[in-house]
Amino acid sequence: MKKILIIGAAGQIGSELTLELREIYGGENVIAGEIKEITSEKLLNSGPVAKVDITDINNIADVVKKYNVDAIISMAAILSACGEQNPQLAWNVNMNGFINVLEVARELKLKQVFNPSSIAAFGPSTPRNNTPQETVLKPTSMYGVTKVAGELIADYYVFKYGMDVRGLRYPGIISNETLPGGGTTDYAVAIYYEAIKNKKYTCFLKEDTMLPMMYMPDCLKATIDLFQADYSKLKHHSDFNLAAMSFTPAILAESIKKHIPEFTIDYKIDFRQAIADSWPRSIDDSAAREEWGWKPSYDLDAMTADMLKVLGEKHKKGLF
Ligand code: SER
């Protein structure tokens, strides 16, 4: 039986992943680690909660010992846009924090570590269409720098210490439970909230900026499938390309208009455009498909229908 600590359990992905893993492994076996005070009733009422600062190695070790943790999922990160406002903080949280996790796992002989990477690991000299698994990794954002370094140090711990460390390169993740914090792909979440609330949205990326994206149910499936995959079948470990769909703000707006014909979009470009311009337009995820059977379920229109339904109900209840 696994005892899992999720660090960053109140974040966009962590909040939903924690609940999903509690369904699978039992509430008491999935510890929600978070630096902020957790306020979600769902998280508080479904299993243990611990204060975890990923930059404090003793804090992580104490929680691991207290709950007999044997796997850590490290979701705490400063994303791309926030990382450009404070690159030193991004390095400290994303890299030094992750090395703390690896060191606790090594010293306390944990069974597994999971650390996501991102499309931000790629850069302007990477081929942008159908970006291959093995390619140029020269990102220009600090977030991307920490993601490449994270992939490399994770693989180093695999080869040097024989540890089980896994990870994949998330595209932009779209969800309706917890808002993302400080990323470049955040527009693709905000647009749905604004479509429901105001029937218009001002986008900070240009209308033809194509980026790889994924709906949260697929993100959870990919994460859990790789987490549970037969380790002996994996040739890659910490850097799986992952894809579901690619679209531009203009294409996304058209998808929303099929449900809300009066919806309009306009554009006010900011510094996040340069980050987006350095990332791929689409991703080749054949290694994930071959090594652990990855297959997404949602395309853009299926995601839009579900997002608008869920957010429409939340808006009626006065939740935003
Ligand atoms: N969603 C992330 C960001 O925009 C990319 O992994 O920073």
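Here's a quick rundown of the structure. (Residues numbered from 1 in each chain as written. Predicted model: local features only at pLDDT ≥ 70, side-chain atom pairs only at ≥ 80, totals over all residues. Heavy atoms only, no water.)

A word on the packing of aromatic side chains. One pass over the full model with this rule turns up 9 aromatic pairs. The interplanar angle of 90 degrees and the centroid separation of 6.3 Å between the aromatic rings of Tyr187 and Phe204 together place this pair among those described as edge-to-face. Of the two residues, Tyr187 sits in helix α7 (residues 187-197) while Phe204 sits in the loop between β10 (200-203) and β11 (211-215), which places them 17 residues apart along the sequence. You'll find Tyr187 and Phe204 in the same group, each marked buried. Relative to Trp294, the ring of Trp292 lies with its centre 6.1 Å away and its plane at 40 degrees, an arrangement referred to as tilted. Among the residues examined, Trp292 registers a relative accessible area of 10% and is labelled buried. The rings of Tyr25, Phe114 and Phe227 are connected pair by pair, giving a single aromatic cluster. The aromatic ring of Phe227 is capped on one face by Lys2, whose charged end is 4.9 Å from the ring centroid. Across the ring face of Tyr161, the terminal group of Arg106 is positioned such that the distance to the ring centre comes to 5.0 Å. (Phe/Tyr/Trp six-rings, centres within 6.5 Å; stacked < 30°, edge-to-face > 60°. Helix = DSSP H or I, 4+ residues; strand = E, 2+ residues; numbered from the N terminus. Buried < 20%, exposed > 50% of the residue type's maximum accessible area, 1.4 Å probe, protein only. Lys NZ or Arg CZ within 6 Å of the ring centre and 35° of its normal.)

Another aspect to go through is the nonpolar core. In terms of nonpolar packing, the biggest core is built from 37 residues, with Ile174, Tyr187, Tyr192, Phe247, Leu252 and Met303 touching the most fellow members. Secondary-structure elements contributing two or more residues to this core are α7, β10, β11, β13 (245-247), α9 (249-257), α10 (272-277) and α12 (300-316). If one sorts the elements of this core by residue count, α7 sits on top with 8 residues. In this structure Phe247 touches Ile174, Tyr187, Ala188, Thr209, Met210, Leu211, Met213, Leu252, Leu300 and Met303, once residues within four positions along its chain are discounted. By size, the runner-up hydrophobic cluster in this structure holds 35 residues, among which are Ile6, Ala71, Ile224 and Ala229. (Core = buried A, V, L, I, M, F, W, Y, C linked by side-chain atoms within 4.5 Å. Contact = heavy atoms within 4.5 Å.)

Enumeration over the complete set of coordinates arrives at 13 salt bridges. The salt bridge partner of Lys314 is Glu177, with a shortest N-O separation of 4.0 Å. Here Lys314, found in helix α12, pairs with Glu177, found in the loop between β9 (172-174) and α7; they are 137 residues apart in sequence, far enough to count as distant. Judged by its relative accessible area of 34%, Glu177 falls in the partly exposed class. Two residues, Lys258 and Asp301, come together in a salt bridge whose shortest N-O distance is 2.8 Å. Taken as a pair, Lys258 in the loop between α9 and β14 (264-267) and Asp301 in helix α12 lie far apart in primary sequence, 43 residues in all. Overall, Lys258 belongs to the exposed group, its relative accessible area being 58%. Using a relative accessible area of 36% as the deciding quantity, one classes Asp301 as partly exposed. What emerges from the salt-bridge pattern is a single network uniting Lys42, Glu177 and Lys314. (Salt bridge = Lys/Arg side-chain N within 4 Å of Asp/Glu carboxyl O.)

Our next topic: the site of the ligand. In the vicinity of the ligand, the contacting residues are Leu79, Ser80, Ser118, Tyr143, Gly183, Thr184, Thr185 and Trp279. Within the side chain of Ser80, an N or O atom sits 2.6 Å from an oxygen atom of the ligand. Summarising the interface, the protein chains cover 93% of the accessible area of the ligand, which totals 240 Å² for the free molecule. Taken together, the residues of the shell around the ligand break down into 3 nonpolar, 5 polar and no charged. (Near = heavy atom within 4 Å. Polar contact = N/O pair within 3.5 Å; in protein donor to acceptor, adjacent residues only side chain to side chain. Areas by Shrake-Rupley, 256 points an atom, 1.4 Å probe, with all protein chains shown as cover. Nonpolar A, V, L, I, M, F, W, Y, C, P; charged D, E, K, R; others polar.)

Before going further, it helps to examine the sheet that holds β11. Strand pairing in a sheet takes place through backbone hydrogen bonds and is either antiparallel or parallel in direction. Here we have 3 strands laid out as an open sheet, ordered β9-β11-β13, and mixed in their pairing. A strand with exactly one partner marks an edge of an open sheet, and here the two such strands are β9 and β13. Across the sheet, the mean angle separating the axes of adjacent strands is 45 degrees when strand polarity is ignored. Pairing between β9 and β11: 3 bridges, direction parallel. Of the residues in β11, the one forming a bridge with Ile173 is Met214. The strands touched by helix α8 (residues 216-228) within the sheet are β9 and β11, with β11 carrying the most contacts at an inclination of about 85 degrees. (Pairing = 2+ DSSP bridges. Axes fitted to C-alpha atoms, helices over the stretch in contact; angles between N-to-C directions.)

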